[in-house]
Amino acid sequence: MTVADGSSMVKNASLEATTSTQSPSSRAAPTGAGRMPRAGHAGLLLALAGALVGAGIAVSLLASEKAQPLIIGLLALLAVMGVFALFAGAVGIIEFAGRTTRNDTTKAVVDTASEGVIIVDTDGRVVYANEAYQRLAGTTGTENLLTVERLFTGASDVSEAIYRLAQAARDMRPASEEVRLSPPLGGFDGAAWYRIRVRPLEQPDGVRAAVWTVADVTRDRTLAGWLDYDLAQFGPGGLKLRDLVPGEGAALLSGVPGGAGEVRTETHDLDLRRRGGHPLPVRVFHRVAYGYDGTPGASRTLILNRSAGEDVAEGQRAAEVRFARFFNNSPLAIATIDRNGRIARSNGLFAKLFGAAFKGQDMAEARSILSVVSERDRESLTQAVAQAAAGAGDIAPVELSLVMDANRSARFFVTSVENGEDGEAAIVYALDTTDQRALQAQFAQAQKMQAVGELAGGVAHDFNNVLQGIIGYADLLLVNHRPTDPSFDDIMQIKQNANRAASLVRHLLAFSRRQTLRPQVMHFGEVLTDLTMLIKKLVGERISLDVKHGRDLWPVRADLIQFEQVIVNLAVNARDAMPNGGVLSLRTRNVTAAEAADVGEAVMPAADYVAIEVGDTGSGIPKEIIDKIFQPFFTTKEVGKGTGLGLSMVYGFVKQSEGFIFCDSEVGKGTVFRIYLPRHVGEAVVDGQAEAKDKPAVKVAENGAVTGATPAPVQADPPAKPDLTGSETVLLVEDEEAVRAFGARALARHGYRVLEASSGIDALHVVEEHDGPISLIVSDVVMPEMDGPTMLGELRRKGITAKIIFCSGYAEEAFSRNLPEGETFGFLPKPFTLQKMIEEVKKALG
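Residues numbered from 1 in each chain as written. Predicted model: local features only at pLDDT ≥ 70, side-chain atom pairs only at ≥ 80, totals over all residues. Heavy atoms only, no water.

Undergrad: Explain the pattern of salt bridges to me, please; I cannot follow it from the model alone.
TA: A side chain with one charge may pair with a side chain of the opposite charge, provided their charged atoms come close. Applying the stated criterion across every chain yields a total of 27 salt bridges. Residue arginine 378 pairs with glutamate 375 through a salt bridge whose shortest N-O separation is 3.4 Å. What emerges from the salt-bridge pattern is a single network uniting Asp121, Asp123 and Arg125. (Salt bridge = Lys/Arg side-chain N within 4 Å of Asp/Glu carboxyl O.)

Undergrad: Before we go on, may I ask you to explain a nonpolar patch on the surface in this structure?
TA: Taken together, Phe463, Val466, Ile470 and Ile494 make up a surface patch of nonpolar side chains, about 330 Å² in accessible area. Relative to the assigned elements, phenylalanine 463 resides in helix H14 (residues 434-480). (Patch = residues over 30% accessible without salt bridge, like charges linked within 9 Å, V, L, I, M, F, W, Y side chains within 5 Å. Areas by Shrake-Rupley, 256 points an atom, 1.4 Å probe, with all protein chains shown as cover. Helix = DSSP H or I, 4+ residues; strand = E, 2+ residues; numbered from the N terminus.)

Undergrad: I keep staring at the sheet that holds strand S5 (residues 175-181) and nothing clicks. Help me out?
TA: Note: strands within a sheet are paired through backbone hydrogen bonds, in either parallel or antiparallel orientation. Reading across the sheet, the 5 strands line up as S4-S3-S7-S6-S5 and stay open at both edges, with antiparallel pairing between neighbours. Only two strands of the sheet have a single neighbouring strand rather than two, namely strand S4 (126-129) and S5. Strand-to-strand twist across the sheet, computed as the mean angle between neighbouring axes with direction ignored, equals 20°. Of the pairings in the sheet, the one linking strand S6 (residues 192-202) to strand S7 (residues 208-216) comprises 9 bridges and is antiparallel in character. (Pairing = 2+ DSSP bridges. Axes fitted to C-alpha atoms, helices over the stretch in contact; angles between N-to-C directions.)

Undergrad: Mind showing me how you'd approach the pairing of strand S29 (residues 776-780) here?
TA: Each regular strand shows side chains that alternate between the opposite faces of the sheet. S29 sits mainly inside the fold: 5 of its 5 residues count as buried. Burial of the side chains of S29 extends over both faces: Leu776, Val778 and Asp780 are buried on one face and Ile777 and Ser779 on the other. Bridge count between strand S27 (residues 729-733) and S29: 4 bridges; the pairing is parallel. The residue bridging valine 730 from the neighbouring strand is leucine 776, located in S29. One ladder, built from 5 bridges, connects S29 with strand S30 (residues 803-808); its direction is parallel. Pairing of leucine 776 across the sheet is with lysine 803, part of S30. Crossover S29 to S30 through helix H22 (residues 788-797) is right-handed. (Buried < 20%, exposed > 50% of the residue type's maximum accessible area, 1.4 Å probe, protein only. Right-handed = clockwise from strand over helix to strand, strands pointing away.)

Next up, the structure:
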C-alpha cells in the first residue's frame, strides 16, 4: 500500500520481506520449457565458401603440375567440409562457444526469476515460459499452457485491465496493470493481488513477440487488509498519511531529521486507524533518504502488526501497546535525553511542536534538546538537564522562548532517570504556553489600562468641578455684560477655553468608561452614509475613500454622537499616516457567534456582533508600540500636534458600549482597526421613545450628492421665550464650594428658595431643621462621607418625596444601579452651563 504525504512516499510492507529461494537443482532449465528458435545466417555461409575457393586457387598457382590433381582433390574435400560446417552453424546445429555461454546465462536468469515470464508471438503461440509462470498457471511444460489473456478471467475490472494490456501488446508498446483476483490463481477462497506487465520483443529474424511478466504482490498489500481498505477503490493519492495515523503520530513519520546525503531509520510504536475508526497497534520501522541538498526524499516503512494474537508474549505486547497509546496521546510533548541533551526518543506532540527546529541542521546538533530553545534561554535548560543527569530530585520548571518563533514559548519539566537504557539520563516534558502567555499579557495590559482609567477618571472628576466653577461664573458675568461691553470678549475667551478643556476631560472619562452616554438603537450603514461627506472633507483629495457595507446589518445600541466621534478620530489618524495619499477603507459586516469564535481573540466571547473595520494603506505601527496606542496621552506625533487622547477615547467608548476593539498593523503596509459591538435584540428605542418608523432615509451618492433628505420644514413663527423662573424650595447638595455657590446664585436669581448642604450627611441635618416642604433636590453624586444615591435612600426613609436631579461628570449608569428600586431621577452632566441647569430644574418641577 502506498501512502502519499507531501513530497514523501511511504511504502508499507508486510510482516516479512518477499523472497524466492530454490534448490541448486531447480535452477536448471525446467523440463518442457519452451526454447527460442535459432535463425540461420546465409550471408556468412557464402562468404566462407568464397574464401575457401580463393585459397584453393592461390595454392594451385604456386604448386607444381604433378601435384595439381592431389591439391585439387584436397581443396574440393575442404570446400565440402567448410560448406557443411557453415550450413550447420547457420541453422544452429553447431554453436560458437561465446554465444552458447551467453545464451545459457540469460536463460538461467529468466528460468530462475521469481516473476512469471511468458513470451507469446503475434499468432498467440507460446514461445517460452519460465517455471514461475508454469506454477502460476498450474501446468508443466508449454503444451496446453494458458496465456495471460486466458489465465486471468473473472470480474469486469480484471477483464478490462487484461484487455488494455493485450491492446498494448498488439500495438507493440509497454504497459502495466495491477489486478485483484478472487479467488486467487490455484486457490479456492480469499483474494490476491497481481502486477502484470507487457513489452514488445524484436527477434533477430524480424519475428515479433510480446514478453509478459506476472508477479504476485499480495504481501505488499497486507496492510490494506489489516486496515480493511480495498485498494481497488482508490486511485493514486487517494489516502493521506493523516488518514491512517491519528493524533500526532503523523508528525513522527514526517518529521524525521536528517542531514544531506544521510539515510535515517527510526522505530515507533503507533496506532493506525482502521477504515471503521478502530485503532490498530503497530510497530513502524521508518526509513528516509535525504538528498545532497538536505531535502527528504522517498521513504519506506516496514509495519509489524501488534494486535492480539500476533505476538507470542501476549502480556508484554499488551503492556507495550498500552504504554505507546499513553505516550503518543499525551497532551505533553515528551522526549528522553542523554547527559548531553541529545534526544533518544520522542512522542508525536514533541515532533509537531519542535520538528521545525531540527530541519536543515547537522545531525550532530539537530537531535539536541537545546536546539529547540532560543539562544538566550539555552543556559537555563542546560542547567536543568545537568541537574537531572546528576540525579537531582525536584527541579523547578523553566519557561523558555522557542527558536522557531520568538513569540512562542514552552514550559520545560526535566526529571532524572535511573539506569536508563541507551544512555538515557532524563525525561523532558514540554507544555506549549504561547496562548497562556498571550492571555497573561492581555490580562496585565487590561489591568494596567484599568488602573490608568481609574486615575484618569479621578483626575477628570476633580477637574470637572474646577471647570464647572469657571464656566458657571463666566455665565454669571455674561448675564451682566452686553456684547458691547469691553470685558465681554474676555469673558467669552474664558468660557471657550473652559469648554475646550471640558472636551479633553470627556476624552479622559471616555477612556475610563465613565463618560455620559445617550445610547440609542442605530444601524452602522446609515450612520456611515451620513458621515461620508464629512470624512471626505477631513482626509482631503489625496486620499480616496472606499466604503463597503455588509448586507442586512443588525442593529446596535450605542451613543450616536460618540460613535461618530470614534469614526472621525480613526479617519484623522489614518489621514495622518498617509501624508502622500492612499486609501481609507470602511467596512461593515455581521459576525455570527461561530465566526466570532474563529476571530482568534480570547478576550472576546462568542456572540453575535456587528463589525466595522477602518483601514488605511499608510506607514503602519511598529510592533514595539502597538500595545501602547490606547493609553491616554501616548502619541507618536510631534509636540503640539496631538494630545494622545484620541485612541484612548475610542477604546473607552467601545468598552463602555460592551464592545471590543483590536488593531492589526504592519509597518509600510498599513493599519486596520476592527470594532465589534454586540448585536441589539429588542425594541428600537431612541432617547427613551420608540423610534419613528416613517423616518425618511438619508443617503449619500458616490458623487457626494445627498438624496432622500428630509424635506425643508415649513416656516413658522419663532417660539416664545420660555419662563424659567420659579418659587419652589430647592435643596442644593455639593461638596465643591465654588460649584455650590454658583448653583445657589443661579437658582436664587430665577426666584427659587435655595437650601445649601456641603455633603450627604449635612443634607440630612438641613432637612431635619427645615420646616417647610422641599420640592427638588439637586445633588452631586461623588461626595465624601456619603454619596448622592445613599443620601437619597436615607431621605426617602425619612419621608422626603422631593424629586431629584443628580449632577456628575460620570455616566449615569455608573451610579444608577445604587439607587433605590423604582427610583426615577433627572441627570445633569458636568460641566453644565447656567442655562442648562435652570432648564433641567424647570423641567423636573413640571
